[in-house]
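Spelled out, the chains give:
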Amino acid sequence: MGNKFHAYRQLDKMDCGPTCLQMVARYYGKHFSLQTLRNHTFITREGVSIKSINDAAVKLGFRTMGAKMTFEQLDEEATLPCILHWNNRHFVVLPPQNYNRNKKHDKILIADPAHGLIHVTKETFMRAWVSTKDNCGFALLLEPSAMFYDTEEEKKGKKQLSFLFRYLRPYKRYIVQLFVGMLTGSILSLIAPFLTQSLVDYGISQQNIGFVYLVLCSQIALFFGNTAIDMIRGWLLLHMSTRVNITIISDFLIKLMKLPIRFFDTKMVGDITQRVNDHNRIEQFLTGTSLNTLFSLVNLIVFSVVLGIYSLPILGVFLLGSALAIAWIIFFLRKRRELDYSRFQRMSENQNSLYEIITGMQEIKMNESETAHRWGWERIQARLFKISIKSLGLAQYQNVGANFFTQLKNILVSFLSAREVMNGNISLGMMLSISYITGQMNAPIGQLLGFFQSAQDAKLSVERLSEIHEREEEEKDGEVFPDNELQLMEEAEYNGQESGIVLDKVSFQYGGPDSPLVLNNISLNIPFGKITAIVGSSGSGKTTLMKLLLKFYEPVKGKIYFGATPLNIVSAKWWRRLCGVVMADGYIFSNTIARNISVQEEVDQQRMLHAAKVANIEPFITQLPLGFSTKIGNTGDGISSGQRQRILIARAVYKQPKLLFLDEATSTLDANNEKVIIQNLSEFFAGRTVVVIAHRLSTVKYADQIVVMENGRIVEIGTHQSLTALKSKYYELVKNQLELGN
């Protein structure tokens, strides 16, 4: 059993629950990847619930108990580590600790996935944990069972910074040039103190003005040499950093585009864009911080050797003083992190308060509660001010202490070097050289501190990066390209019998096992070369069914077949190449109308014109000054909802698909446009397999097959005539929504 507590950081905004479970499992000696725990907790964009964390813990082999308890009960009775519900929207771990509630200023250790290990006051703890009027909070208590130790743990993947350096391999020549430049720069810098020594000891002491001129000219030459080296180094770093940054982000986008649709359902946009920022941070670390620090380190070593040659005691004093300054800064890092955590809590309250004031202004004015809300906001500002004062004081202590040790070190070095001159051990020129050297060595030490911070940031970014690159791709080895089934579909006949896309007892749910079934035991044949319409009230599962047919998701039960081939083994890229789709929430790109229709670099003008005619959008486009070259926004800026939908129809037609899926494709169109488009589409449908989701009678009544869905089930199948004659579910939909009448 592991008895040392390891704090992990969440990689995404909604990862706090799985990360807490990862920490508890690690404490008891088992490692599970974050992705495994995400799958066990069935994470969504809203995160996870305490119940899903509990179910995942049980699956791992923990005995669990969810409890509402007071702080005293938590302190005396809870088995640690346990998971706490935090701020009503977050989860943290309460690790084993030596907290004494009888000591007034004793602090509580928590492991927050968003911030790491944090010490907080009891007041801060209670404000974040207590969620009921009776001063209780919720805790999930966990203890490992025998099953937990029998469970096979996963191998911990190495997320070391070393793998990043493969991005530098194509630039070995530049790196060698940089290294040569660094050594040359260090040698040139090394000459400077000796020139200073010579200037004083030989030029000034012997009053040799010619030698003084020679030294000054040498110093000017060194200055120009160093400047030239710095310019070349800057150019090489810019060249490398730009290319490395493009390569890193390009690799990320390539991988991102290979991931399944379900990945994007559980990710906030901010979580994905944050990874692009992470790539910038990694690039800066690789090409800027690392190489600059290496240059500083070379200088530090070279100058340390020279200083040691001059005087070992002076070198010892310099190194001791620098170590004390570094230790002083590190000493305050934990305290600084705790204040940052408290500030985070207050800033969260501040944002919530302002949001409530702005969005609830109507209710505030109606109930004359302006003063109460303003006072509430001012109380938060007062608490923020106290934290800011503490942060300022801490920063001052940190800076004053570091400056004290640095200045004390410089004074002692000056004193020792002066005493050495007086004792005749070194010359006056050597003393001035020592002052120059110590000045040159102070900067590299500061850069080393910055390097450690950048390395820590880069390591976190590497974890985020690895988490994406290690994801399973949508396209898997062994997937098939069933061209024989495609040929049968085009012939629309299989040995004299109808064949098509077959759903065999298909069920699906978006969440975990306890979430409601969106599709429940669906069995259906969608004939090749025919039109199948799917109707039903909102929430009946129509769109979800279409997404399964497009391989956006896999059924949780049952199978889907393309002819005789299981759809789950068919290549998703090959399959979608056959499909034209108009979704109710289709996307308009920030580009020209032509590129929005083709969605490709190359545009076939003839196909585009045909697609625009079928979608009845050509008259509108030809009236525009730039025609098809008119640029529209990424949300359809500058066009109406009807025009937007017609562009989406034109996009599907332009693709010339074998299968066509339409989800409320004409729902925002007026009657005249809809009539023209339905007529145009009916000609386009010839020889194609079409699935239509719609409410309007004009869209579905000519379908070869109408499927009626209700609560995730198929309740009726037939033609318009046969289903209306039944006077059942379809008849009610027609009467109420399609305005058929009685």
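Scroll up for the structure.
For the structure given in this document, a descriptive report is provided here. Treat the numbers as computed from the prediction; the structure is a model and nothing was measured.

This part takes up the overall build of the protein. Along the backbone of the protein there are 26 helices and 18 strands. For the protein, the residues scored as buried account for 47% of the 742 residues in total. In the protein, the proportion of contacts linking residues at least 24 apart, taken out of those at least 6 apart, comes to 74%. With the model as given, the accessible surface of the protein reaches about 38300 Å², and the carbon-plus-sulfur share is 56%.

Moving on, we come to a positive patch on the surface. Taken together, the side chains of Lys258, Lys573, Arg577 and Lys655 present a region of like positive charge at the surface. Following the sequence through the fold, Lys258 ends up in the loop between helix H8 (209-257) and helix H9 (261-265).

Glancing now at the sheet that holds strand E7 (residues 500-508). Strand order in this open sheet of 4 strands is E8-E7-E10-E11, and the pairing throughout is antiparallel. The open sheet is flanked by strand E8 (519-527) and strand E11 (565-566), the only strands paired with a single partner. Set on the sheet, helix H17 (residues 542-549) makes contact with E7, E8 and strand E10 (557-562); between it and E7 the angle comes to about 120°.

Applying the stated criterion across every chain, the model contains 8 salt bridges. Between Lys51 and Asp55 there is a salt bridge whose closest N-O contact spans 3.0 Å. Separated by 4 residues within a single helix, Lys51 and Asp55 lie in helix H3 (residues 50-60), roughly one turn from each other. Ionic pairing is found between Arg127 and Glu123, a salt bridge with its closest N-O pair at 2.9 Å.

So, on to the environment of Ala652. For Ala652, the location among the structural elements is in helix H22 (residues 641-654). Judged by its relative accessible area of 3%, Ala652 falls in the buried class. Considered as a pair, Ala652 and Met583 are 69 residues apart in the sequence and their alpha carbons are 10.0 Å apart. Here Ala652 is in contact with Gly580, Val581, Val582, Pro657 and Leu660, once residues within four sequence places are set aside.

Turning our eyes to something else, we now look at the packing of aromatic side chains. Using the criterion set out here, one finds 19 aromatic pairs in the structure. For the pair Phe125 and Trp129, a centre-to-centre distance of 5.7 Å together with 40° between the ring planes defines the contact as tilted. Here the residue Phe125 and the residue Trp129 both occupy positions in helix H5 (residues 122-129), the gap between them amounting to 4 residues, near one helical turn. Taking the relative accessible area as the measure of exposure, Phe125 reaches 0% and is therefore buried. Arranged with centres 5.5 Å apart and planes meeting at 70°, the rings of Phe528 and Phe562 form a pair that is edge-to-face. Of this pair, Phe528 sits in the loop between E8 and strand E9 (531-536) while Phe562 is found in strand E10, placing the two residues 34 residues apart along the sequence. In this structure Phe528 comes out as buried when scored by relative accessible area, which is 2%. A relative accessible area of 0% means that Phe562 is categorised as buried.

Turning to the environment of Asn299, a few remarks are in order. Among the structural elements, Asn299 can be located in helix H10 (residues 269-310). For the pair Asn299 and Leu183, spaced 116 residues apart in sequence, the C-alpha to C-alpha distance is 8.5 Å.

A few words on the state of the cysteines. For the structure shown, the criterion picks out 0 disulfides. As a non-bridged cysteine, Cys20 has Cys16 as the owner of its nearest cysteine sulfur, 6.2 Å distant.

Helix packing geometry: the angle between the two helix axes and the distance between the axes. Look at helix H20 (residues 605-614) against helix H23 (residues 671-684): their axes get within 8 Å of each other, and the N-to-C directions meet at 130°. Overall, the two elements H20 and H23 adopt an arrangement that is oblique. From H20, His610, Lys613 and Val614 reach across to H23, where they touch Ile677, Asn680, Leu681 and Phe684. Looking at the contact of H20 with H23 residue by residue, the classes come out as 4 nonpolar, 2 polar and 1 charged.

Moving on, we come to the side chain of Arg646. Looking at where Arg646 falls in the secondary structure, it is placed in helix H22. A relative accessible area of 10% places Arg646 in the buried class. At 3.4 Å, the side chain of Arg646 forms a polar contact with the side chain of Asn673. In this structure Arg646 touches Ala615, Asn616, Ile617, Leu669, Asn673 and Ile677, once residues within four positions along its chain are discounted.

Two strands pair when backbone bridges link them, and strand E4 (residues 108-112) and strand E5 (residues 116-120) are joined in this way by 5 bridges, in the antiparallel orientation. If you follow Ile108 over to E5, its bridge partner there is Val120. Hairpin connection between E4 and E5: a loop of 3 residues separates the two successive antiparallel strands.

Glancing now at the side chain of Ser540. Considering the arrangement of structural elements, one finds Ser540 in the loop between E9 and H17. Looking at Ser540, its side chain comes within polar contact range of the main-chain oxygen of Ser537, at 2.8 Å. With sequence-adjacent residues up to four places away left out, Ser540 is seen in contact with Val518, Met709, Glu710, Asn711 and Gly712.

So, on to a nonpolar patch on the surface. A contiguous nonpolar patch, built from Phe179, Leu183, Ile187 and Ile191 and spanning about 330 Å² of accessible area, is present on the exposed surface. The residue Leu183 is located in helix H7 (residues 172-204) in this model. For Leu183, a relative accessible area of 37% corresponds to the partly exposed category.

The pairing of strands in a sheet happens through backbone hydrogen bonds and is either parallel or antiparallel. Pairing in this open sheet of 6 strands is mixed, and the strands run E12-E15-E16-E9-E17-E18 from one edge to the other. Looking at which strands have only one partner, the edges of the open sheet turn out to be strand E12 (579-582) and strand E18 (713-718). The sheet shows a mean angle of 15° between the axes of neighbouring strands, taken without regard to direction. With 5 bridges joining them, strand E17 (residues 705-710) and E18 adopt antiparallel strand pairing.

The next subject is unusual backbone geometry. For the bond from Leu80 to Pro81, the omega torsion is 5°, close enough to zero to count as cis. Notably, Lys505 is not glycine yet its phi reads approximately 50°, a positive angle. The phi angle at Asn616 is positive, at roughly 55°, despite the residue not being glycine. Mapping Asn616 onto the fold places it in the loop between H20 and helix H21 (618-623).

Further remarks concern the pairing of E10. The side chains of a regular strand alternate between the sheet's two faces. As judged from the 5 bridges shared by E7 and E10, these two strands associate in the antiparallel manner. Looking at E10, one finds that Ile501 is bridged to Phe562. In this structure, E10 lies alongside E11, joined through 2 bridges in antiparallel fashion. The partner of Tyr561 across the bridge, within E11, is Pro566. Between the end of E10 and the start of E11, which pair antiparallel, lie 2 residues, with Gly563 showing a positive phi angle near 65°.

Bringing the nonpolar core into the picture now. Counting 46 residues, the largest nonpolar core has Ile597, Phe628, Ile649, Leu662, Leu681, Ile706 and Tyr730 as the members making the most contacts within it. At 7 residues, the largest contribution of residues to this core is made by H22. Residue contacts for Ile597: discarding those within four places in its chain leaves Met608, Ala611, Phe628, Ile647, Ala650, Arg651 and Tyr654. Judged by nonpolar contacts, the second largest core, of 32 residues, contains Val506, Leu545, Met583 and Leu659.

Another aspect to go through is H22. With 14 residues, H22 extends 20 Å between its outermost C-alpha atoms, agreeing within 8% with the 20 Å of an ideal straight helix rising 1.5 Å per residue. Burial within H22 is extensive, with 12 of its 14 residues counted as buried. Within H22, the full set of buried residues consists of Gly642, Gln643, Gln645, Arg646, Ile647, Leu648, Ile649, Ala650, Arg651, Ala652, Val653 and Tyr654. Phi for Gln656, located one or two positions after H22, is positive at around 50°.

Rules used in this analysis
- Residues numbered from 1 in each chain as written.
- Predicted model: local features only at pLDDT ≥ 70, side-chain atom pairs only at ≥ 80, totals over all residues.
- Heavy atoms only, no water.
- Helix = DSSP H or I, 4+ residues; strand = E, 2+ residues; numbered from the N terminus.
- Buried < 20%, exposed > 50% of the residue type's maximum accessible area, 1.4 Å probe, protein only.
- Contact = heavy atoms within 4.5 Å.
- Areas by Shrake-Rupley, 256 points an atom, 1.4 Å probe, with all protein chains shown as cover.
- Patch = residues over 30% accessible without salt bridge, like charges linked within 9 Å, V, L, I, M, F, W, Y side chains within 5 Å.
- Salt bridge = Lys/Arg side-chain N within 4 Å of Asp/Glu carboxyl O.
- Lys, Arg positive; Asp, Glu negative; His and termini not counted.
- Charge placed at Lys NZ, Arg CZ, Asp CG, Glu CD.
- Pairing = 2+ DSSP bridges.
- Axes fitted to C-alpha atoms, helices over the stretch in contact; angles between N-to-C directions.
- Phe/Tyr/Trp six-rings, centres within 6.5 Å; stacked < 30°, edge-to-face > 60°.
- Disulfide = S-S within 2.5 Å.
- Parallel < 35°, antiparallel > 145°, perpendicular 65-115°, else oblique.
- Nonpolar A, V, L, I, M, F, W, Y, C, P; charged D, E, K, R; others polar.
- Polar contact = N/O pair within 3.5 Å; in protein donor to acceptor, adjacent residues only side chain to side chain.
- Core = buried A, V, L, I, M, F, W, Y, C linked by side-chain atoms within 4.5 Å.
- Expected span 1.5 Å × (residues − 1).

In short, geometric facts, not functional conclusions.
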